[in-house]
Amino acid sequence: MTKSLIPVILAGGKGERFWPLSRLNRPKQFLNLDGSNRSLLQATADRLLPLAGGWENLWVITSSQIARGVEEQLPELPSENLLVELQGRDTAAAVAWTSLEIKNRYGEDAIIGFFPADHWIADKEAFTNTIDAAKLLAASYSAIVTMGIKPTFPSTGYGYIEQGEMIDSFKDLPAYHVNRFTEKPDRQTAENFLSTGRFSWNSGMFVFRAGVVLKELHIHSPEIIEPLEKHGPDIYPQLPKKSIDYALMEKTSLAYVIPTEFGWDDLGDWNAIERLLKKEDNPNVELATHVGLDTQGAILYSSNPEDVIVTIGLDDVVIVRDRNVTLIVQKDRTQEIKQVLKTLQSDPRFTNLL
């Protein structure tokens, strides 16, 4: 067994709410959205490599549609550490299959961490300290550990974790048994959660021993783990499509949370760009050549530096120009981009835009 954490990057998402920049062959995790020279996937690998102790212990699971792109983005990744899903079945199947493969290579006591490919982290030192703490907790207890982000506002777009009894402290961070998970609440409920001081945002990052999570999957989601054990990944298209939260975390009694602060954003839609890049001296966030008159609160992006976006009298809009598509949407309706994509999918005239 390796003494290092085995980090796994979940890189199969589509990032539809970043359309038209994010498309089927160029999903969100391949994009540079924070002004750096690294894609979200590459930045995630950069953060995890020190925890893994090198490329030989870093894994990625992704879809067959973008596997070639992952190889191009991460050329140092060993080919045997890249798992390619025949068909996306959400995170429960991804966690189950990868955990089986890692157990077979490293043993049941291998400590695995799962990390989405498209998150932004500000304080890498605090992030590393938190994951080290989660690793110690997973090594000491039969625990499935999640990182809880201390909320900074009553978000209705994130899931919440309520902390229960404190069980120990690791790397100066307290660890709590999880009382419950709550999916995206309304604003009043979110405000109530924050007032108690007991709730964290659900980051979607998990750390556990391979044997612990596989045993819990047998108890709570046998319809996923048993076919994989019997038939291998060829059975993937027949597996139920469930998130790991629904399939396991909301059911297990072994869920623990470490509340932490390391500057985090899940980059769920175009409004995240404003949270990352807004400057006080500019009324807009401009990742494009922009000429504006009486325009404020706008987010503007163009993939072609020669394109010019001209606006007059606009407030709180997102304007994105990428190749043959221009998107214009009010900032409070960016979640509805997925509905527009369903319309495009149903019309053969527009399939090339996906």
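In this text, all values refer to a predicted model and were calculated from it rather than measured experimentally.

Reading the values: rules and limits
- Just so you know, the residues in each chain are numbered from 1, in the order the chain's sequence is written.
- This being a predicted model, a pLDDT of at least 70 is required before a residue's local features are given, and a value of 80 or more before pairs of side-chain atoms are given or counted; all residues contribute to the totals for chains, interfaces and linings.
- Excluded from the side-chain calculations are hydrogens and water; all other atoms, namely the structure's heavy atoms, are used.
- Each helix is a run of H or I in the DSSP string that is no shorter than four residues. Each strand is a run of E no shorter than two, and both are numbered from the N terminus.
- For each residue, the accessible area found with a 1.4 Å probe, counting protein chains only, is set against the maximum for its type, and the residue is called buried under 20%, exposed over 50%, and partly exposed in between.
- Neither His nor the chain termini are counted; the positive set is Lys and Arg, and the negative set is Asp and Glu.
- Each salt bridge in this description consists of a side-chain nitrogen of Lys or Arg and a carboxyl oxygen of Asp or Glu lying within 4 Å of one another.
- Side-chain atoms alone can form a polar contact between residues adjacent in sequence; in general such a contact is a pair of N or O atoms within 3.5 Å, and within protein one must be able to donate a hydrogen while the other accepts it.
- In what follows, residue pairs with any heavy atoms lying within 4.5 Å of each other are defined as contacts.
- For two strands to pair, DSSP has to find at least two bridges joining them.
- Aromatic contacts are taken between Phe, Tyr and Trp rings whose centres are within 6.5 Å, Trp giving its six-membered ring; a plane angle under 30 degrees counts as stacked, one over 60 as edge-to-face, and the others as tilted.
- Note on definitions: angles span 0 to 180 degrees between N-to-C directions of axes, and those axes are lines fitted to C-alpha atoms, for helices only across the stretch in contact.
- Angles below 35 degrees are treated as roughly parallel, those above 145 as roughly antiparallel, those between 65 and 115 as roughly perpendicular, and all remaining angles as oblique.
- Here a crossing is taken to be left-handed if its near helix is turned anticlockwise relative to the far helix by less than a right angle, and right-handed if that turn runs clockwise.
- Classes in brief: Ala, Val, Leu, Ile, Met, Phe, Trp, Tyr, Cys and Pro nonpolar; Asp, Glu, Lys and Arg charged; the others, Gly included, polar.

**Considerations on the side chain of E85**
Okay, so step 1: Along the chain, E85 turns up in strand 3 (residues 82-85).
Okay, so step 2: It turns out E85 is buried and unbridged, and the closest side chain with the opposite charge, R89, is 8.2 Å from it.
Okay, so step 3: Reaching out from E85, the side chain makes a polar contact with the side chain of Y236 at a distance of 2.5 Å.
Okay, so step 4: Sequence-distant contacts of E85, defined by excluding residues within four places in its chain, comprise I61, T62, S63, S64, D90, A94, W97 and Y236.

**Looking at the pairing of strand 16 (residues 317-322)**
Okay, so step 1: Of all six residues in strand 16, five are buried, a share of seventy percent or more.
Okay, so step 2: As paired strands, strand 14 (residues 299-302) and strand 16 are joined by four bridges and run parallel to one another. Among the inter-strand pairings, L300 is bridged to a residue of strand 16, identified as I319.
Okay, so step 3: Between strand 16 and strand 17 (residues 325-330), which pair antiparallel and follow one another directly, the connecting turn spans two residues, one of which, R323, has a positive phi of 50°.

**Remarks on the packing of aromatic side chains**
Okay, so step 1: On inspection of all chains with the given rule, the structure shows 13 aromatic pairs.
Okay, so step 2: Ring geometry for F115 against F127: centres 6.1 Å apart, planes inclined by 65°, an arrangement best described as edge-to-face. With a gap of 12 residues between them, F115 in strand 4 (residues 111-116) and F127 in helix 4 (residues 124-140) connect regions that are remote in the sequence. Summarising the burial analysis for this pair, F115 and F127 share the class buried.

**Observations concerning the packing of helix 3 (residues 90-106) against helix 6 (residues 210-220)**
Okay, so step 1: Contact geometry of helix 3 with helix 6 gives a least axis separation of 10 Å together with a crossing angle of 135°. Judged on the interaxial angle alone, helix 6 and helix 3 are oblique. In this structure, helix 3 crosses over helix 6, and the sense of that crossing is left-handed. In this structure, helix 3 uses A96, S99, L100 and K103 to contact helix 6, whose residues at the interface are A210, V213, L214 and L217.
Okay, so step 2: Residue classes in the contact of helix 3 with helix 6 are distributed as six nonpolar, one polar and one charged.

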